[in-house]
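Chain by chain, the residues:
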Amino acid sequence: MTGAEILLEALQREGVDVIFGYPGGANLPIYQALPKFPGIRHILVRHEQGGAHMADGFARASGRPGVVMATSGPGALNLVTGLATAFMDSVPMVAITGQVDSMMVGRDAFQEADVIGCTQSVTKHSYLITRVEQIPEAVKEAFHIATSGRPGPVLIDICKDAQKAQGDPVWPQDVSLPGYRPNKEPDLSQIEMAARALSSAERPVILAGHGVILSGAQDELLELAERAAVPVGTTLLGIGAFPVRHPLALHMTGFMGTGWNLKAVQDADLLMMVGMRVDDRVTAKLDEWAPKAKTFIHIDIDASEIGKNVRPHLEVVADAKTALQALAPHLGAPPASRDDWLTQIDRWREEHPLRYAQSNGHLQPQDLMIEMYRRSNDEAIVVADVGLNQIWAALWWNYARPGLFINSGGAGTMGFALPAAIGAKIARPEKPVWVVAGEGGFVMTAQELSVAVKHQLDINIVILNNFTLGMVRQFQDDFYGGIRSEIDLTEMPDFVKLADAYGLVGLRIESADQIPAAFDLAERTPGPVLLDCRIDPDANVYPIVPLGKGLNDFWELPDEYA
Amino acid sequence: MNMPDQTPAAGPRRRVLSMLVEDHPGVLARVSGMIRRRGFNVHGLSVGPIDSRGRSRMTLSVDAGHAEVDQIEKQLDRLIEVIDIEDLTDEPNFSRELALLKIEVPSARQADLVAAVNDQGCRVLEQGDRYVVAEFAGKFETVEEVVNLLRQFGTVEIARSGPVAISRGARTK
């Protein structure tokens, strides 16, 4: 077998049946071997970044590692943003890049780049393969590392001569990684203390992050919250970890979180953070975050996340599911005062509801979100881009369970939504998939429309088109004295014509009354449909915490617009 | 809210980390990349193979006058090829560094220099017209002192090994 065949056989042994990729000089041997592996479906992307986001969306929608392939030099470098996106959000992915012949590495050969060096800080691990014998072990280790512990992207850079060389593969049974011990058992004394503290707190709040979803701990979280009568908020990536319409739900926390969530966090006497990084989008101004909390409990599988931003009193280094299962038997009855706390939260929920400008004559993005959610039957996947569209999609769908909201949270990568939705739809063809994107982010990866057309993927693409970089515009209006600088996107393609040019159906929505008919048509039409929604150019996200301020200072939609 | 301790220890303080790593190409780059990313200044670094199983011991001395220094240990431990990491700063330990020094010195002062060298526990390796080559091994704080003292005699060219450290007592890793 050639190295290329060994590689593809190794991928098949890891259960890979889809690769998103792009051929070139340094991975030609792999592409020559590909037809011999009919069990592997190859999706030819239009740009490697799109391929990386597709593999990412595939992984987030299915829980299986996504695989992306690129050639050396520029091909591999185009993956960097996609790898960084997956790395920040702990998404299991394996990237396979061609590299020049091993004898040429380091000599500035044609299309050579130091891909290992360039991707080191955005991958969980990486391998440079110079000899055919290294391939089976590297692939097995790469998938093990990508999918275990805190998941993340792993890159395998394979020299072209190793792809061409003949070898007799020795398939390893196990991996031997003495420095990698991803499964940590929770410290029982910390667990018992955490359970006691949580049970006896007067005003506790649980915040759930992506780790809860990655470990499949949503049932444990729900049971624990109900038994201990503790309200639960989520991070952006934790959306779906707790049903939004549950009476104990605080919905999204942080810089653009709901008013009742922020009130609860700022008044809590105990905060338990589960599977999250406690980053600056969650805390806003760190030294004003949760000022009344006497106890912080932090549960995370990655020890290096604990104490990075907030030093907890109790820490549990473990998988969220294992930790919550261990916690449950030690819970005691909540104090009588807990009812007052829950009543107070209900009051905040009534006093600080999510609101939007409903009657100014413009098409409101929230109207679109509400109608999409109504049609979703809690089944549809929505893949949001980055910007105002992201927060509208996060706040205005009442996510009932994990896996329905896919988004680039940590990296905030514009252009993520369309390719990630393509990956998600390929992973879960039975699911309705919606894209929500601004026109700015959409054009960053719009070339991937060809992939959706080629494979007739049933994706409905909702472009929230305000001809402006909306979130930057809101920041400039609200926090930079109203000085608008370089946010005008008037010169954009006519998206309906663009859809036509790419070979898909395009429709325009200019007012709320056009939504139902347009959505009906989109849902009836097989293959991708693009909806150019001309939204209120001044629509903002509320609540919002002014930059540099603490959560207490959140702004809501001004009454005159409500 | 509880923030990580922002107060640096009094005076400049160095943290000594001892790491057992897999001896692969690129390990050093991963370790140094992590340190660079968190903005730590490396004072000394030494690496050497310790056995035939492809493992090396890396001793790293970084500036500890930084709030996030605790975090670096956990972040280095997260690297796949770091098998074990230990902070020896507050542990009883032996630490040593080797320095090789070439001192340019006028003939008239050579005798004084050789006396000073011997007095400090250095060993003269070579002595020529207008120069002396000497070696010194000791705790790395002492190396600093000896270098400064010998500098008084003339221009000094220095090669230092970087620190190596091992914990005291019977415990082994």
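Residues numbered from 1 in each chain as written. Chains lettered and ligands numbered in written order. Predicted model: local features only at pLDDT ≥ 70, side-chain atom pairs only at ≥ 80, totals over all residues.

Caption draft 1: Local environment of the overall build of chain A. Assigned secondary structure in chain A consists of 23 helices and 18 strands. Taken over the C-alpha trace, chain A has a radius of gyration of 24 Å; the compact-globule value for 562 residues is 24 Å, and the two agree within 12%. Based on the C-alpha atoms only, the size of chain A along its principal axes is roughly 70 × 60 × 40 Å. The buried share among the 562 residues of chain A stands at 56%. For chain A, restricting intrachain contacts to residue pairs at least 6 apart in sequence, the fraction spanning at least 24 positions comes to 78%. (Helix = DSSP H or I, 4+ residues; strand = E, 2+ residues; numbered from the N terminus. Rg over C-alpha atoms; globule rule 2.2 N^0.38 Å. Buried ≥ 20, exposed ≤ 12 C-beta atoms within 10 Å, placed from the backbone. Contact = placed C-beta atoms within 7 Å.)

Caption draft 2: Layout of the sheet that holds strand β18 (residues 529–534) of chain A. Read across the open sheet, the 6 strands follow the order β14-β13-β15-β16-β18-β17 (chain A); overall the sheet is parallel. Two strands lie at the open edges of the sheet, namely β14 (405–406) and β17 (505–509) of chain A, each paired on one side alone. (Pairing = 2+ DSSP bridges.)

Caption draft 3: Spotlight on the domain arrangement of chain A. All names here are of chain A. According to the domain assignment, chain A contains domain 1 (3–164), domain 2 (188–351) and domain 3 (365–548). Centre-to-centre, using C-alpha coordinates, domain 1 lies 37 Å away from domain 2. Residue-level contacts link 5 residues of domain 1 with 5 residues of domain 2. Of the residues assigned to the side of domain 1 that touches domain 2, the class counts are 1 nonpolar, 2 polar and 2 charged. (Domains from an automatic or database assignment. Nonpolar A, V, L, I, M, F, W, Y, C, P; charged D, E, K, R; others polar.)

Caption draft 4: Focus on the pairing of strand β1 (residues 14–22) of chain B. Residue and element names in this part refer to chain B. Here β1 runs beside strand β3 (residues 55–63); their pairing, made up of 9 bridges, is antiparallel. Paired with Arg14 across the bridge in β3 is Asp63. Across 5 bridges, the pairing between β1 and strand β4 (residues 82–87) is antiparallel. Looking at the pairing, Leu20 lines up with Asp84 of β4.

Caption draft 5: Examining the interface of chain A and chain B more closely. Each side of the interface is counted separately: chain A has 24 residues, and chain B has 19 residues. The class makeup of the residues in the side of chain A that touches chain B is 13 nonpolar, 7 polar and 4 charged.

Caption draft 6: Summary view of helix α11 (residues 218–228) of chain A. Residues and elements named next belong to chain A. Restricting attention to buried positions, one finds in α11 the residues Gln218, Glu220, Leu221, Leu224, Ala225 and Ala228. Here the buried residues of α11 occupy an arc of 160 degrees about the axis, which is enough to place them on one side. Structurally, α11 contributes buried residues whose contacts are with α9 (188–200), β7 (204–208), α10 (210–214), β8 (232–234) and α14 (320–327). Ala229 sits one or two positions beyond α11 and adopts a positive phi of about 55 degrees. (Arc of directions from axis to C-beta.)

Caption draft 7: Summary view of the sheet that holds β3 of chain B. Residue and element names in this part refer to chain B. Across the sheet, which stays open at both edges, the 4 strands sit in the order β2-β3-β1-β4 with antiparallel pairing between neighbours. With partners counted over all chains shown, the strands left at the sheet margins are β2 (42–49) and β4, one partner each. Direction aside, the axes of adjacent strands within the sheet are offset by 15 degrees on average. (Axes fitted to C-alpha atoms, helices over the stretch in contact; angles between N-to-C directions.)

Caption draft 8: Layout of the environment of Phe110 of chain A. Residue and element names in this part refer to chain A. Within the element layout of this structure, Phe110 appears in the loop between β4 (93–99) and α6 (115–119). Accessibility expressed as a C-beta count within 10 Å gives 10 for Phe110, which makes it exposed. Along the primary structure Phe110 and Ser72 are separated by 38 residues, whereas in three dimensions their C-alpha atoms are 9.2 Å apart.

Caption draft 9: A look at unusual backbone geometry. Residue and element names in this part refer to chain A. Residues Tyr542 and Pro543 are joined by a peptide bond in cis, for which omega reads 0 degrees. For Pro543, the location among the structural elements is in the segment after β18. The backbone of Gln111 sits at a positive phi, close to 55 degrees, despite the residue not being glycine. Of note in this structure, Glu486 is not a glycine but carries a positive phi near 55 degrees. Mapped onto the elements, Glu486 comes out in the loop between α21 (470–479) and α22 (495–502). Assessed through the 8 C-beta atoms surrounding it within 10 Å, Glu486 is described here as exposed.

Caption draft 10: Representation of helix α1 (residues 3–13) of chain A. Residues and elements named next belong to chain A. Here α1 lies mainly inside the structure; 8 of its 11 residues are buried. Residues Gly3, Ala4, Glu5, Ile6, Leu7, Leu8, Ala10 and Leu11 constitute the buried set of α1. Packing partners of the buried residues in α1 comprise α2 (28–33), β3 (66–70), α7 (135–147), β6 (153–159) and α8 (160–164). Positive backbone phi, approximately 85 degrees, marks Gly15, located one or two places after α1.

Caption draft 11: Examining the domain arrangement of chain B more closely. Residue and element names in this part refer to chain B. Entries for chain B in the domain assignment read domain 1 (14–91) and domain 2 (94–167). A straight line from the C-alpha centre of domain 1 to that of domain 2 covers 28 Å. Across the contact, 9 residues belong to domain 1 and 9 residues belong to domain 2. Taken together, the elements giving at least two residues each to the side of domain 1 that touches domain 2 come down to β1, β2 and β3.

Caption draft 12: Geometry of the packing of helix α3 (residues 48–62) of chain A against helix α18 (residues 417–427) of chain A. Residues and elements named next belong to chain A. Here α3 crosses α18 at 45 degrees, and the two axes come no closer than 6 Å. As judged from the angle between their axes, α3 and α18 are oblique. Crossing hand, α3 versus α18: right-handed. Taking contact as the criterion, the partners of Gly50, His53, Met54, Ala55, Asp56, Gly57, Phe58, Arg60, Ala61 and Ser62 in α3 are, on α18, Pro419, Ala420, Ala421, Ile422, Gly423, Ala424, Ile426 and Ala427. When its residues are assigned to classes, the contact of α3 with α18 shows 11 nonpolar, 5 polar and 2 charged. (Parallel < 35°, antiparallel > 145°, perpendicular 65-115°, else oblique. Left-handed = near helix turned anticlockwise from the far one by under 90°.)

Caption draft 13: Here's a closer look at the confidence of the model for chain B. Residues and elements named next belong to chain B. When the pLDDT values of chain B are averaged, the result is 84; 89% of them are 70 or greater. Considering each helix and strand of chain B separately, the mean pLDDT is smallest for helix α2 (residues 69–78), with a value of 85, and largest for β4, with 93. A low-confidence stretch, residues 5–11 stays under pLDDT 50, and its non-local contacts, those more than four residues away or across chains, total 6 contacts. Here the complex is predicted with pTM 0.95, and the ipTM for its interfaces comes to 0.88. (pLDDT = per-residue confidence, 0-100.)

Caption draft 14: Structural context of the nonpolar core. With 208 residues, the main nonpolar core has Leu271, Val382, Val383 and Val435 of chain A as its most contacted residues. When residues in this core are grouped by element, the largest group, 8 residues, is from α18 of chain A. Those residues in contact with Val435 of chain A, other than ones at most four positions away along the chain, are Val383, Ala417, Leu418, Ala421, Ile459, Ile461 and Val462 of chain A. Residues Ile103, Leu113, Val132 and Phe136 of chain B belong to the second largest nonpolar core, which totals 13 residues. (Core = buried A, V, L, I, M, F, W, Y, C linked by C-beta atoms within 7 Å.)

Caption draft 15: Region of the structure containing the environment of Arg245 of chain A. Checked against the element boundaries, Arg245 of chain A lands in the loop between β8 and β9 (249–252). A C-alpha to C-alpha distance of 21 Å links Arg245 of chain A and Leu271 of chain A, two positions 26 residues apart in sequence.

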